[in-house]
Amino acid sequence: MIGLSTTYFAKQGLSIYESVLRVVELGFGVVELGASHTYEDDIPAILRKIKRDFPNVDFTIHTLFPPLREMTWFNPADGLSETNKKIVDGLFEAALILDALLISIHAPVLNEIKLRGENTGNLCKVEIGKPKDIEICKENFFELMEYISGKSDINRAKVLIENMGYINSLPIGFYPYTGEDFLGLFEMFPDTGLLLDVAHAKQYGNLQELISLDGKISEIHLHDIGSTSSGRGRGHFPVKDIAFFEPLKELIKKDSLVFVFEHGSDCSEDEVLLGKKLLEKVLAGRSYLLKNESTWQASFQG
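Residues numbered from 1 in each chain as written. Predicted model: local features only at pLDDT ≥ 70, side-chain atom pairs only at ≥ 80, totals over all residues. Heavy atoms only, no water.

> Just checking my understanding: could you explain the overall build of the chain for this structure?
Across its full length, the chain holds 12 helices and 12 strands. Classification of the 302 residues of the chain by burial places 51% in the buried group. Restricting to contacts in the chain with at least 6 residues of sequence separation, those with at least 24 account for 74%. Total accessible area on the chain is roughly 13,500 Å²; 49% of this is exposed by carbon and sulfur atoms. (Helix = DSSP H or I, 4+ residues; strand = E, 2+ residues; numbered from the N terminus. Buried < 20%, exposed > 50% of the residue type's maximum accessible area, 1.4 Å probe, protein only. Contact = heavy atoms within 4.5 Å. Areas by Shrake-Rupley, 256 points an atom, 1.4 Å probe, with all protein chains shown as cover.)

Here it is as structure tokens:
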């Protein structure tokens, strides 16, 4: 299953409904309701209309969706705060209305985060502050996960934790980080899985380590890393080469994964569709390639 996050169109100023419509019009069978949307009145009614109008589309829900009225940074390291509870409740309500395949949240950030207002891409500018106490952050996170797990049991919605990437082009502390961290979390919350963000893992150099958790990976975020014109490293670049998928070949052999492209507004629609076409090429030959490893390897040569 191949999808696109609505973040791409939200950052261009489109409404929730318009963003879903444009994702579907580009030919994606999965729509991920993602971050960067501005607040709209009666979002549950909007989601019910989306479910009626797009009955053959699958959905996933990713923080921070649905957007709150006030600009907010969601950090699971803050535990079961009033704001975090409201955010989690919104995730599950949206998932219930849309009969979503998956819900995903970011891993806790182990730094103070200060909001600095809204930028042109409907995202809060943030200022990275001093490191927080790791053990307190973990305790808070586990408290939040207990709440999430309870709702997951009731709503039968699978929850994934995404490996984090850079913020403001700078590395940050977060948990879980290593494969061992994730395995420990999965022991505590066995129904929880991993949303593998490829570019985030490439930024931190632990892609292969996280790929080794393939039995717990249910979704993959697809985008690449690169540099801006100023030379600063940045993620969410378009996927332009089939070789991008080579490290994922063992995961791609599985037919149960959800692949979601995640881009900003500085990626053209042609670039979005190129990434989709490349992935479709890899997936189209999956059954045959499972029987012929040499042909599988050759497919990544274009």
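> Which parts of the structure should I look at to understand unusual backbone geometry?
Glycine aside, the phi torsion of most residues is negative, and most peptide linkages are trans. Here Thr63 and Leu64 are connected by a cis peptide whose omega angle stands at 5°. Summarising the element assignment, Leu64 is placed in the loop between strand E3 (58-62) and helix H4 (82-98). Residues Tyr175 and Pro176 are joined by a peptide bond in cis, for which omega reads -5°. Looking at the secondary structure, you find Pro176 in the loop between strand E7 (158-162) and helix H6 (179-188). Phi is positive for Arg156, close to 55°, though the residue is something other than glycine. Structurally, the position occupied by Arg156 is in the loop between helix H5 (134-155) and E7. For Arg156, a relative accessible area of 79% translates into the label exposed.

> Would you mind showing me how to read the environment of Met145 here?
Here Met145 shows up in helix H5. In contact with Met145, not counting residues within four places along its chain, are Ile161, Phe189 and Thr192.

> Help me out: how do you make sense of the nonpolar core in this one?
In a soluble, globular protein the nonpolar side chains are often hidden away together inside. In terms of nonpolar packing, the biggest core is built from 83 residues, with Ile61, Leu196, Leu222 and Phe245 touching the most fellow members. Among all residues touching Ile61, those that are not within four sequence positions of it are Leu33, Leu91, Ala94, Ala95, Leu98, Ala100, Leu102, Ile103 and Ser104. Listed in part, the 6 residues of the second largest apolar core include Val30, Leu102, Leu160 and Val258. (Core = buried A, V, L, I, M, F, W, Y, C linked by side-chain atoms within 4.5 Å.)

> Teacher, can you tell me more about the pairing of strand E4 (residues 102-106) here?
As a general feature of sheets, a regular strand has side chains that alternate between the two faces. Of all 5 residues in E4, 4 are buried; the element is thus mostly enclosed. Relative to E4, E3 runs parallel, the two being bridged by 3 bridges. Note that in E4 the partner of Thr60 across the bridge is Leu102. Relative to E7, E4 runs parallel, the two sharing 5 bridges. What sits directly across from Ile103, in E7, is Val159. (Pairing = 2+ DSSP bridges.)

> Quick question: what am I supposed to make of the sheet that holds E7 here?
Through backbone hydrogen bonds, the strands of a sheet pair up, either in parallel or in antiparallel fashion. Spatial strand order, E1-E2-E3-E4-E7-E8-E9-E12: 8 strands in a closed barrel with parallel pairing. For this sheet the average axis-to-axis angle between neighbouring strands, irrespective of direction, equals 30°. As paired strands, E7 and strand E8 (residues 193-197) are joined by 3 bridges and run parallel to one another. What sits directly across from Ile161, in E8, is Leu194. Running at roughly 150° to strand E2 (residues 30-33), helix H2 (residues 16-25) makes contact with strand E1 (2-5), E2 and E3 of the sheet. Packing against the sheet, H5 makes contact with E4 and E7, and its axis sits at approximately 150° to E7. (Axes fitted to C-alpha atoms, helices over the stretch in contact; angles between N-to-C directions.)

> What's the story with the pattern of salt bridges in this structure? I'm lost.
Think of it this way: side chains of opposite charge can pair up when their charged atoms draw near. Summed over the entire model, instances satisfying the criterion amount to 11 salt bridges. Here Glu269 and Arg22 are joined by a salt bridge, their closest N and O atoms 2.7 Å apart. Taken together, the residues span a long stretch of sequence, with Glu269 in helix H10 (residues 269-284) and Arg22 in helix H2 at a distance of 247 residues. Close ionic contact of Asp53 with Lys49 constitutes a salt bridge, the shortest N to O distance being 2.9 Å. With a gap of 4 residues between them, Asp53 and Lys49 both fall in helix H3 (residues 43-53), about one helical turn apart. Its relative accessible area of 37% is what places Lys49 among the partly exposed residues. One continuous salt-bridge network, built from bridges that share partners, spans Arg22, Glu25 and Glu269. (Salt bridge = Lys/Arg side-chain N within 4 Å of Asp/Glu carboxyl O.)

> Looking at this structure, how should I read the pairing of E3?
For E3, a buried count of 4 out of 5 residues is recorded, marking the element as mostly surrounded by other parts of the structure. Pairing analysis gives 4 bridges linking E2 to E3, with the strands arranged parallel. Looking across to E3, one finds that Val31 is bridged to Phe59. Viewed along the sheet, the connection from E2 through H3 into E3 turns out right-handed. (Right-handed = clockwise from strand over helix to strand, strands pointing away.)

> Can you help me understand the packing of aromatic side chains in this one?
For any pair of aromatic rings, the description consists of the separation of the ring centres together with the inter-plane angle of the planes. Tallied over the entire structure, the rule returns 12 aromatic pairs. Between Phe141 and Phe142, the aromatic rings sit 6.1 Å apart at their centres with planes inclined by 35°, giving tilted as the arrangement. The two residues Phe141 and Phe142 agree in class, both being buried. The structure contains a cluster of three or more aromatic residues connected by ring pairs, namely Phe141, Phe142, Tyr175 and Phe189. A cation over an aromatic ring shows up here: Lys138 above the ring of Tyr175, its NZ or CZ 4.8 Å from the ring centre. Residue placement shows Lys276 over the ring face of Phe28; its charged tip is 5.5 Å from the ring centre. (Phe/Tyr/Trp six-rings, centres within 6.5 Å; stacked < 30°, edge-to-face > 60°. Lys NZ or Arg CZ within 6 Å of the ring centre and 35° of its normal.)

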